[in-house]
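Residue-level structural notes
Now for the letters of each chain:
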Amino acid sequence: MATSLGSNTYNRQNWEDADFPILCQTCLGENPYIRMTKEKYGKECKICARPFTVFRWCPGTRMRFKKTEVCQTCSKMKNVCQTCLLDLEFGLPIQVRDTGLSVKDEVPKSDVNKEYYTQNMEREIANSDGTRPVGQLGKAPSSSDMLLKLARTTPYYKRNRPHICSFWVKGECKRGEECPYRHEKPTDPDDPLADQNIKDRYYGINDPVADKLLKRASTMPRLDPPDDKSISTLYIGGLGDTVTDGDLKSHFYQFGEIRTITIVQRQQCAFIQFATRQSAEMAAEKSFNKLIINGRRLTVKWGRSQAARGKEGIKEGVSEMGTRLDPVPGLPGALPPPPALDEEAPANYFNLDPSSSPAVMNIALPPPPGINPPPPGFGPPMFHPMSHMAPPMPPPMSMRPPGQIHYPSQDPQRMGAHAAHGARQGE
């Protein structure tokens, strides 16, 4: 027999009634003026099966509507978001978080034991101040090196996109741009990331996303110290406008005495020089891939000595950061050097035979197609260079008097030169 919410109060003392959900920044969205709908006892929790208050909202434009999936008691026990079930501090799956903190899950799976365990956790949550998790998670260390390497520092709003339109995949969607779903090609159905169970994610077992992140953590690079023992400077990149020298000093002073801190605002980087090499090595080991200041993940690398920097500046294919640049395929090679010019030889711009005289250049061009050539005797005069009727050739350039320059337009034998000279005399 079904129980009525209005008349029967059987087992309603443990039902949850909340005024606001427990959400991460990604699920909440980037709009600060968000509107939510609240449904009291709208659904049962997908973990403990108790009715709870369901909140529903749209995190942004062209995003899908989201709602809470688990109750707040289950959320507080694991310190996760009620919607995405990711850790509220690191933004990672529960399995990755528990592996990094060496926490063993003790939540029972049976209904009776689960209800008894939940009542004890509610009593512990009520007696706590609410600033730290309860249970085994509250007794664990605050962080680990692996979690700091994998932690997400900025919201990932792409996770709120709509689902793929199944009608568009079949070629039957008629909504066009008004369709609220994505018109994209779906991923491989055999991809393990496409098969996720909310209970497995909550209990931290058989989570494909967590397995992918754990494999990424095992293959992360390491920062090896340089061979030059005189280097005690660390390069800090990606500062932005929010990180100051005071923030850097408050973090790095714990590793040893700091000699200088130099910030280059134009490149948004800094150089921290320690007094000893041992302090620099400890700072590099504790900060590489895990340095987060003011919500920004910073890059940590070893600095370079001045001598090595000068030598690497001469080398080709090496960037300013010291990384080797691979050659780009398809680019042309280096151009050959130009041939050495003899200053005494005259410049031959038209590739002419130096032994030929200028009179040889007086060659008639063939008429354009469709036009008959002029009859003999009516065309421009043609002279052979060896003929006795040919005009005298001008002296070569080296034998002309200084100041006298010969231009081809001043040649008296060119076409129209006599007519222009006679018209000039008639004037």
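Residues numbered from 1 in each chain as written. Predicted model: local features only at pLDDT ≥ 70, side-chain atom pairs only at ≥ 80, totals over all residues. Heavy atoms only, no water.

Turning to the overall build of the protein, a few remarks are in order. The number of helices and strands found in the protein is 13 helices and nine strands. Surface accessibility of the protein: about 30,400 Å² in total, with carbon and sulfur atoms responsible for 54%. (Helix = DSSP H or I, 4+ residues; strand = E, 2+ residues; numbered from the N terminus. Areas by Shrake-Rupley, 256 points an atom, 1.4 Å probe, with all protein chains shown as cover.)

Bringing the sheet that holds strand S1 (residues 36-44) into the picture now. Taken together, three strands build an open sheet; the order of strands is S1-S2-S3 and the sheet is antiparallel. Strands with a single pairing partner mark the edges of an open sheet, and in this sheet they are S1 and strand S3 (66-67). (Pairing = 2+ DSSP bridges.)

Before going further, it helps to examine the nonpolar core. Among the nonpolar cores identified, the biggest contains 20 residues, and Leu234, Ile236, Leu248, Phe252, Phe274 and Leu298 are the most heavily contacted of them. Among the elements of the structure, strand S4 (233-237), helix H10 (245-252), strand S6 (269-274), helix H11 (277-287) and strand S9 (299-302) are those that each provide at least two residues to this core. Core analysis: the next-biggest nonpolar cluster, separate from the first, contains 19 residues, Cys45, Val70, Cys74 and Tyr202 among them. (Core = buried A, V, L, I, M, F, W, Y, C linked by side-chain atoms within 4.5 Å. Buried < 20%, exposed > 50% of the residue type's maximum accessible area, 1.4 Å probe, protein only.)

So, on to the sheet that holds strand S5 (residues 258-264). Pairing between the strands of a sheet comes from backbone hydrogen bonds, and it takes one of two forms, parallel or antiparallel. With antiparallel pairing, four strands are arranged side by side in an open sheet as S5-S6-S4-S9. Both edges of this open sheet fall to S5 and S9, since each of them pairs with a single strand only. Adjacent strand axes in the sheet meet at a mean angle of 20 degrees, parallel and antiparallel pairs treated alike. Pairing analysis gives four bridges linking S4 to S9, with the strands arranged antiparallel. By the bridge assignment for S9, Gly237 is matched with Thr299. This element, H10, spans S4, S5 and S6 of the sheet and lies at about 145 degrees to S5. Sheet contacts for H11: S4, S6 and S9; angle to S9, the most-contacted strand, approximately 145 degrees. (Axes fitted to C-alpha atoms, helices over the stretch in contact; angles between N-to-C directions. Contact = heavy atoms within 4.5 Å.)

Right, let's get into the packing of aromatic side chains. Summed over all chains, the structure comprises five aromatic pairs. Seen in terms of ring centroids, Trp15 and Tyr41 are 5.3 Å apart; in terms of plane orientation they differ by 70 degrees. Their pairing is edge-to-face. Note that Trp15 is positioned in the segment before helix H1 (25-28) and Tyr41 in strand S1, a separation of 26 residues in sequence. We classify Trp15 as buried; its relative accessible area is 17%. Exposure remark for Tyr41: the relative accessible area of 18% places this residue in the buried category. (Phe/Tyr/Trp six-rings, centres within 6.5 Å; stacked < 30°, edge-to-face > 60°.)

Turning our attention to the pattern of salt bridges. Scanning all chains against the criterion turns up 10 salt bridges. With a closest N to O distance of 3.4 Å, Lys38 and Asp19 form a salt bridge. One end of the pair, Lys38, is in strand S1; the other, Asp19, is in the segment before H1, and 19 residues separate them in sequence. Lys38 gets classed as partly exposed once you look at its relative accessible area, which sits at 45%. Of the charged contacts in the structure, one is a salt bridge between Glu122 and Arg50, with a shortest N-O distance of 2.8 Å. Here Arg50 lies in the loop between S1 and strand S2 (51-57) and Glu122 lies in helix H4 (residues 111-127), a separation of 72 residues in the sequence. A cluster of three or more residues bridged by salt bridges with shared partners is formed by Lys46, Lys67 and Glu69. (Salt bridge = Lys/Arg side-chain N within 4 Å of Asp/Glu carboxyl O.)

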